[in-house]
Amino acid sequence: MKDNESMRAALAVAQEALRTGDVPVGAVILNSNGKVIAQGCNQKEDLNDPTAHAEIVAIRAAAQSLESWRLDGCTLVVTLEPCAMCAGAIAQSRISTLVFGAWDEKAGAVGSMWDLLRDPRSLFKVEVRAGVMAEESSLLLQEFFQNQRR
């Protein structure tokens, strides 16, 4: 599955978060063959769980699907640059590749505020491809926050 195609899948998952009033962020995880094995959207509001970010939800589902916490060879595709918590979970789960859409200038931990995954001191190396369908990802977030302010 190509980056744009998998990002379209993540954007579709992000729409699910809107039903519960959560920030529309979506994530999919692909196995080494490029098949979607897990997905997740923000569920903080729905679950009253501050850790229920799209990436964490998807990582938990992928670990269950593979019956292993090690997600070596997997690719995480997410519509928004991961925060520090999610970047840490990506590293700890041994995900090989991260693809993200929109940059998060306020809390992003993969290049905006910090760069936890590519820090030379990091024990785990993750390939990062940033800005994939960034405009579409940003637009979804902008529309959500505009509607919140009304």
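What you are looking at is a predicted structure, and each value in this text was computed from that prediction instead of being measured.

Before going further, it helps to examine the packing of aromatic side chains. Summed over all chains, the structure comprises 2 aromatic pairs. Arranged with centres 4.9 Å apart and planes meeting at 90°, the rings of Phe100 and Trp103 form a pair that is edge-to-face. You can call Trp103 partly exposed: its relative accessible area is 40%. Centroid distance Phe144 to Phe145: 5.0 Å. Interplanar angle 75°. Geometry classified as edge-to-face. Using a relative accessible area of 8% as the deciding quantity, one classes Phe144 as buried.

Where burial is concerned, most of strand S1 (residues 26-30) is hidden: 5 out of the 5 residues are buried. Side chains Gly26, Val28 and Leu30 project from S1 onto one buried face, and the interleaved Ala27 and Ile29 project onto a second face that is buried too. The hairpin turn running from S1 into strand S2 (residues 36-41), its antiparallel successor, is 5 residues long, and Gly34 in that turn takes a positive phi close to 85°. Direction of pairing for S1 relative to strand S3 (residues 75-80): antiparallel, over a ladder of 4 bridges. When the sheet's bridge partners are listed, Ile29 is paired in S3 with Leu76.

Together, Met113, Trp114 and Leu116 give the surface a local cluster of nonpolar side chains, amounting to about 300 Å² of exposed area. Relative to the helices and strands, Trp114 resides in the loop between strand S4 (97-102) and strand S5 (127-130). For Trp114, a relative accessible area of 45% translates into the label partly exposed.

The next subject is the nonpolar core. Counting 32 residues, the largest nonpolar core has Ile29, Ile90, Leu98 and Leu117 as the members making the most contacts within it. If you look at the next biggest cluster of nonpolar residues, it comprises 14 residues, including Ala14, Leu30, Val77 and Val132.

This paragraph deals with unusual backbone geometry. Positive phi values are uncommon outside glycine, yet Glu67 reaches one of about 55°. Tracing the sequence through the fold places Glu67 in the loop between helix H3 (54-66) and S3. Overall, the relative accessible area of 74% leaves Glu67 in the exposed class. At Met133, a position not held by glycine, the phi torsion is positive, near 55°. Mapped onto the elements, Met133 comes out in the loop between S5 and helix H5 (134-149).

Here is what the cut-offs are and how they apply
Residues numbered from 1 in each chain as written. Predicted model: local features only at pLDDT ≥ 70, side-chain atom pairs only at ≥ 80, totals over all residues. Heavy atoms only, no water. Phe/Tyr/Trp six-rings, centres within 6.5 Å; stacked < 30°, edge-to-face > 60°. Buried < 20%, exposed > 50% of the residue type's maximum accessible area, 1.4 Å probe, protein only. Helix = DSSP H or I, 4+ residues; strand = E, 2+ residues; numbered from the N terminus. Pairing = 2+ DSSP bridges. Patch = residues over 30% accessible without salt bridge, like charges linked within 9 Å, V, L, I, M, F, W, Y side chains within 5 Å. Areas by Shrake-Rupley, 256 points an atom, 1.4 Å probe, with all protein chains shown as cover. Salt bridge = Lys/Arg side-chain N within 4 Å of Asp/Glu carboxyl O. Core = buried A, V, L, I, M, F, W, Y, C linked by side-chain atoms within 4.5 Å.

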